[in-house]
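Observations on the three-dimensional arrangement
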Amino acid sequence: MIAGLTRIVGDVAVAEDLAQDAFVAALERWPESGIPDKPGAWLMATAKRRGIDALRRRVTLKRKRELIARELEILQQLDQPDLAARVEDVQDDVLRLIFMTCHPVLSGQARVALTLRLLGGLSTPEIARAFLVSEGTVAQRIVRAKRTLGEARVPFEVPGRDELAERLSAVLEVIYLVFNEGYAASAGAHWIRPALCKDALRLGRILAALMPREPEVHGLLALMELQASRLRARVGPHGEPVLLADQDRARWDHLLVQRGLDGLRRAEKLSGALGPYTLQAAIAACHARARSVEETDWPRIVALYDALAALIGSPVVELNRAVAVTMAFGPESGLELVDSLAEEPALRGYHLLPSVRGDVLVRLGRLAEAREEFERAADLCDNQRERELLLARAVACGAHGSP
């Protein structure tokens with residue numbers, strides 16, 4: 001409804017208000033009159049009538065020739081009886097709304113908040129709880145985002161071919177960010193937030209259905225499905241984190257694994273050179289296909305990280321590559337790579353750098369040093385569950401090493 005109304009009125013904030021008014025009217029009337037045969041059509045018709053009333057009031061107040069001409073044009077569109085009848089129209093509108101809420105004119109935080117509000121279906125309190133900020137902060141971000149879109153006159157459209165790559169990248173980044181926050185929460189009392197993963201998967205599936213020829217869309221969806229397949233095994237009975245090496249792979253969701261592998265094949269078939277999300281999906285697929293950590297194809301994972309590092313040049317990717325090198329070629333090689341990242345500005349304050357170093361040191365038998373690294377990682381970590389895990393690993397090193 002919001003997508004269809006935005007196409008008509010050209011303002012996402014007005015469209016959301018009209019949709020909300022229609023839902024309020026339904027809550028008031030349906031308990032007495034009963035649910036209509038076509039509730040969606042009833043809601044859209046009610047929203048259209050409210051829109052006509054609102055636009056007529058604006059015409060009466062403003063009296064400007066340009067505005068009157070525009071609003072009369074909108075009124076004509078609103079009066080069309082079958083405006084939202086075709087599935088193709090609804091699909092097109094949703095796709096336009098995705099690109100609108102993820103427009104580069106908005107900040108990253110604003111894109112996430114607005115996308116979750118309008119497309120993920122989350123309320124303002126739910127978004128605030130998900131990202132551990134106040135409801136007022138989220139509400140302000142959403143209001144500012146709508147105002148920015150209006151003031152910038154962002155068109156309600158899928159960008160042209162010359163803009164598509166940049167804009168699609170912003171859309172995928174928002175969905176990826178939402179999923180990552182659910183898969184490994186950056187702060188708070190829970191290590192995972194499955195609801196956020198579910199919302200990101202929903203958005204990814206919508207996008208894949210609307211843009212079936214875009215390989216990176218399928219690559220991101222495959223990555224999320226493969227990662228989400230492990231969610232049940234990533235926590236113990238009391239919510240404690242369970243690392244990959246200790247997970248019961250029988251608890252992985254093998255339907256999601258299969259969907260992820262199918263999506264990866266689709267992305268690879270559509271793409272000449274693999275993009276960053278497809279490469280990450282290929283890495284996740286190596287884990288999904290292995291029956292144990294020992295049977296994992298670590299040399300292939302190293303090669304995939306080589307390709308990913310060459311493509312995006314991220315220090316976090318280099319750190320993940322160091323883990324793979326440790327598993328494939330031994331902890332001495334891995335430690336050398338980890339130590340080469342010690343002065344990387346982007347990793348200062350990043351708790352996983354000392355955490356990875358501690359893990360490599362454990363494999364080398366240097367337990368006293370490993371304990372210090374795990375303690376340092378715990379000090380830098382904002383997630384309560386992960387901090388408890390790191391401190392437990394530090395204690396374990398102390399129990400087996402010299403004090």
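Here, the structure is the one placed above.
Residues numbered from 1 in each chain as written. Predicted model: local features only at pLDDT ≥ 70, side-chain atom pairs only at ≥ 80, totals over all residues. Heavy atoms only, no water.

A look at the nonpolar core
- Judged by nonpolar contacts, the single largest core of 90 residues is most densely connected at Leu5, Leu97, Ile175, Leu207 and Met224.
- Apart from residues no more than four positions distant in its own chain, Ile175 is found in contact with Ala200, Leu203, Gly204, Leu207, Leu220 and Met224.
- Val360, Leu361, Cys381 and Ala394 belong to the second largest nonpolar core, which has 19 residues in total. (Core = buried A, V, L, I, M, F, W, Y, C linked by side-chain atoms within 4.5 Å. Buried < 20%, exposed > 50% of the residue type's maximum accessible area, 1.4 Å probe, protein only. Contact = heavy atoms within 4.5 Å.)

As for the packing of aromatic side chains
- Going through the model one piece at a time under the given rule, you end up with 3 aromatic pairs.
- Their ring planes at 65° and their centres at 5.3 Å tell us that Trp30 and Trp42 sit as a pair that is edge-to-face. One end of the pair, Trp30, is in helix H2 (residues 12-33); the other, Trp42, is in helix H3 (residues 39-62), and 12 residues separate them in sequence.
- Its relative accessible area of 21% is what places Trp42 among the partly exposed residues.
- Arranged with centres 5.3 Å apart and planes meeting at 70°, the rings of Tyr176 and Tyr277 form a pair that is edge-to-face. Of the two residues, Tyr176 is situated in helix H9 (residues 161-183) and Tyr277 in helix H13 (residues 276-289); the sequence distance between them amounts to 101 residues. (Phe/Tyr/Trp six-rings, centres within 6.5 Å; stacked < 30°, edge-to-face > 60°. Helix = DSSP H or I, 4+ residues; strand = E, 2+ residues; numbered from the N terminus.)

A short note on the side chain of Thr101
- Mapped onto the elements of the fold, Thr101 is located in helix H5 (residues 87-101).
- Once you skip the residues sitting within four places of it in the chain, Thr101 turns out to touch Leu106, Arg111, Leu114, Thr115, Leu118 and Leu119.

Examining unusual backbone geometry
- For Arg153, which is not glycine, the phi torsion reads 50° and is therefore positive.
- Here Arg153 lies in the loop between helix H8 (135-151) and H9.

Considerations on the side chain of Arg249
- Tracing the sequence through the fold places Arg249 in the loop between helix H11 (215-228) and helix H12 (254-270).
- In this structure, Arg249 is buried with no salt-bridge partner, the nearest side chain bearing the opposite charge being Glu294 at 7.0 Å.
- Within the local environment of Arg249, its side chain forms a polar contact with the backbone oxygen of His287, the two atoms lying 3.3 Å apart.
- Among all residues touching Arg249, those that are not within four sequence positions of it are Leu244, His254, His287, Ala290, Arg291, Ser292, Val293 and Thr296. (Lys, Arg positive; Asp, Glu negative; His and termini not counted. Salt bridge = Lys/Arg side-chain N within 4 Å of Asp/Glu carboxyl O. Polar contact = N/O pair within 3.5 Å; in protein donor to acceptor, adjacent residues only side chain to side chain.)

Details of the packing of helix H15 (residues 315-329) against helix H16 (residues 331-340)
- Where H15 meets H16, the closest approach of the two axes is 7 Å, and the angle between their N-to-C directions is 165°. Relative to H16, the element H15 lies roughly antiparallel. Classified by chirality, the crossing of H16 by H15 is right-handed. Together, Leu319, Arg321, Ala322, Val325, Thr326 and Phe329 of H15 and Pro331, Ser333, Gly334, Leu337 and Val338 of H16 make up the contact between the two elements.
- A class-by-class count of the residues in the contact of H15 with H16 yields 7 nonpolar, 3 polar and 1 charged. (Axes fitted to C-alpha atoms, helices over the stretch in contact; angles between N-to-C directions. Parallel < 35°, antiparallel > 145°, perpendicular 65-115°, else oblique. Left-handed = near helix turned anticlockwise from the far one by under 90°. Nonpolar A, V, L, I, M, F, W, Y, C, P; charged D, E, K, R; others polar.)

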